[in-house]
2 protein chains.
Amino acid sequence: MRRFKIPEVTVGRLSLYLRCLNELEEEGIEVVSSAELGRRCGVNPAQIRKDLAYFGEFGTRGVGYYVKELMQDIKRVMGLNRTWEVALVGVGNLGTALLRYKGFQRHGFKLSVAFDIHTEGKEVPEGCVLYPASEMERVVKEKGIKMAIVAVHYSQAQEVAERLARAGVKGILNFAPMRIRPPKKVVVKNVDMGTELEILAFYLTMRGAK
Amino acid sequence: MRRFKIPEVTVGRLSLYLRCLNELEEEGIEVVSSAELGRRCGVNPAQIRKDLAYFGEFGTRGVGYYVKELMQDIKRVMGLNRTWEVALVGVGNLGTALLRYKGFQRHGFKLSVAFDIHTEGKEVPEGCVLYPASEMERVVKEKGIKMAIVAVHYSQAQEVAERLARAGVKGILNFAPMRIRPPKKVVVKNVDMGTELEILAFYLTMRGAK
DNA sequence: CCCGTTATGTGGTAACTTTCACAAAAGTAG
DNA sequence: CTACTTTTGTGAAAGTTACCACATAACGGG
Ligand SMILES: NC(=O)c1ccc[n+]([C@@H]2O[C@H](COP(=O)([O-])OP(=O)(O)OC[C@H]3O[C@@H](n4cnc5c(N)ncnc54)[C@H](O)[C@@H]3O)[C@@H](O)[C@H]2O)c1
Ligand SMILES: NC(=O)c1ccc[n+]([C@@H]2O[C@H](COP(=O)([O-])OP(=O)(O)OC[C@H]3O[C@@H](n4cnc5c(N)ncnc54)[C@H](O)[C@@H]3O)[C@@H](O)[C@H]2O)c1
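Because the structure is a prediction, the values reported are computed rather than measured.

Cut-offs applied
Residues numbered from 1 in each chain as written. Chains lettered and ligands numbered in written order. Predicted model: local features only at pLDDT ≥ 70, side-chain atom pairs only at ≥ 80, totals over all residues. Heavy atoms only, no water. Axes fitted to C-alpha atoms, helices over the stretch in contact; angles between N-to-C directions. Helix = DSSP H or I, 4+ residues; strand = E, 2+ residues; numbered from the N terminus. Parallel < 35°, antiparallel > 145°, perpendicular 65-115°, else oblique. Left-handed = near helix turned anticlockwise from the far one by under 90°. Contact = heavy atoms within 4.5 Å. Nonpolar A, V, L, I, M, F, W, Y, C, P; charged D, E, K, R; others polar. Expected span 1.5 Å × (residues − 1). Buried < 20%, exposed > 50% of the residue type's maximum accessible area, 1.4 Å probe, protein only. Near = heavy atom within 4 Å. Polar contact = N/O pair within 3.5 Å; in protein donor to acceptor, adjacent residues only side chain to side chain.

(A) Region of the structure containing the packing of helix α1 (residues 8-26) of chain B against helix α4 (residues 67-78) of chain B. Residue and element names in this part refer to chain B. Where α1 contacts α4, the two axes come as close as 10 Å, and the packing angle between them is 150°. Looking at the two axes, α1 sits roughly antiparallel to α4. Considering how the two elements wind past one another, α1 and α4 form a crossing that is left-handed. Here α1 contributes Val11, Leu14, Ser15, Tyr17, Leu18, Leu21, Asn22, Leu24 and Glu25 to the contact with α4, which in turn contributes Val67, Lys68, Leu70, Met71, Ile74, Lys75, Val77 and Met78. Of the residues assigned to the contact of α1 with α4, the class counts are 12 nonpolar, 2 polar and 3 charged.

The structure is reproduced here in structure tokens:
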């Protein structure tokens, strides 16, 4: 139950467990063992127990974990028992797809504001407001938004990140193909789809494909 | 120079080095030390040297690495000195954004065919051909395509992956929010944006944001 | 209420990754 | 050709993460 340095892989797996627990719940299963959960999500059972042990004792010996309870517990420790307002910067190809995606909403992330340097002719879904990029600091600060997604051209990503940080954002998910150097007190996660394809290319080459 | 088990983090960093070397080349810099490269991409210099040492000796002692040469070497070991034809399955919000994205092309990945169960009214860019999903096995096999991107609803992802595998695909990049269990002899990379946001939420909660 | 069964929580260890630190090689200047 | 500087390539240490194996706890049947 020591809340100090939790490895990111562990946090990622918690998210995975949550997905799996969701399915179990939908199937009407009320109790699950680490063995069964491990089989379903491809993780060693001991790993699951160790991951959970960072945060407390959630299971019952001889029984397993109560699905609904464990879901609540994981959501609580991950900060998912609430709605997070998220700002999107860059309403281009990718930004528009993200805005239209219903999945974030379902998991408690609400893309409530979007920013772009060009707003003319751009549409955003119900429930989201589009602003010119110049309004970013003001709107983000006023709304107290703490989380943002960056989907601008890579040459703009670092600057946008720093502006967001100044406006009070504490977490950034970056899709531009360059690692944003995290501003002070900000957590940055970079998702680089190009790199993912390149990793695939590597393993295919290694295994002698084509 | 032992080509056995290369850790995936190493491969990811190779891709990062490549990005960085590109910038150096654009700046007209011809030689770079591991120290300078490390500063630029936020990686320990010894780490860089170790990563490269898996594949050979690319540097010159007392000098450093010749930028152009190292780029070629990394591209060669990663299998990026060629064009990869890629099939896209699922031409929805995300699929369309991916098709329109110019960045893949620039790095040698060509999304030359796309598949969807609904093709009516769907547009794909020049250079890409859209087929009904029922044609998947035939087209992929005929074209000898080895790499695919899956952007369908999560309930379809596993089945699509298995069909792709049967058609000869050896590498799959999956965007559906469920881990695809890799079919025999297929490498699967899962990109889960929901999980990424949840990891951010965790660290923000941990640090007491909001 | 006790005993057998089951599955958790965890100490210890194995496996893996990162970093240190230095010998070896290459270049340069005298 | 030698002395000196620079920076690689790498063995060994340190640090991290995953897994095994078992004592411990809960449950249920007799
Ligand atoms: N489209 C994809 O599928 C895809 C895939 C992988 C990575 N990416 C990356 O995501 C980013 C966006 O890609 P895209 O295809 O949507 O590009 P895009 O050009 O369609 O969209 C970028 C948007 O950002 C806006 N913008 C630019 N600078 C801005 C600023 N300073 N402030 C606010 N808005 C700004 C532009 O007006 C534009 O609308 C790029 O970095 C790209 O490399 C995209
Ligand atoms: N849109 C996003 O920004 C986003 C973000 C994160 C994750 N995702 C994930 O990516 C996937 C696609 O998202 P989307 O928003 O594009 O959804 P979407 O519903 O807009 O698109 C899915 C497309 O796949 C097609 N399809 C369904 N089953 C198919 C099959 N068996 N074979 C071929 N085509 C099939 C559908 O006709 C549709 O066009 C989903 O799994 C989603 O969870 C999307």
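(B) Spotlight on helix α8 (residues 154-166) of chain B. Residue and element names in this part refer to chain B. Look at α8: 19 Å from first C-alpha to last across 13 residues, which is about the 18 Å you get at 1.5 Å a residue. The complete set of buried residues in α8 reads Ala157, Gln158, Val160, Ala161, Arg163, Leu164 and Ala165. Next to the buried residues of α8 lie β3 (84-89), α7 (136-143), β6 (147-150) and β7 (171-174). Directly beyond the C-terminal end of α8, a positive phi value near 110° is found at Gly168.

(C) Structural view of the protein's contact with DNA strand C. Neighbouring DNA strand C are 25 residues; Ser34, Arg49, Gly62 and Tyr65 of chain A together with Arg13 of chain B lie closest to it. Restricting the count to atoms of DNA strand C within 4 Å of the protein gives a sugar and phosphate share of 68%. One of the backbone nitrogen or oxygen atoms of Gly59 of chain A is found 3.0 Å away from a phosphate oxygen of DNA strand C. Between Asn44 of chain B and DNA strand C, the recorded distance is 3.3 Å, taken from a side-chain N or O atom to a phosphate oxygen. In terms of residue count, helix α3 (residues 45-53) of chain B provides more of the surface near DNA strand C than any other element does, 4 residues in total. When grouped by side-chain class, the residues that make up the surface near DNA strand C number 7 nonpolar, 9 polar and 9 charged.

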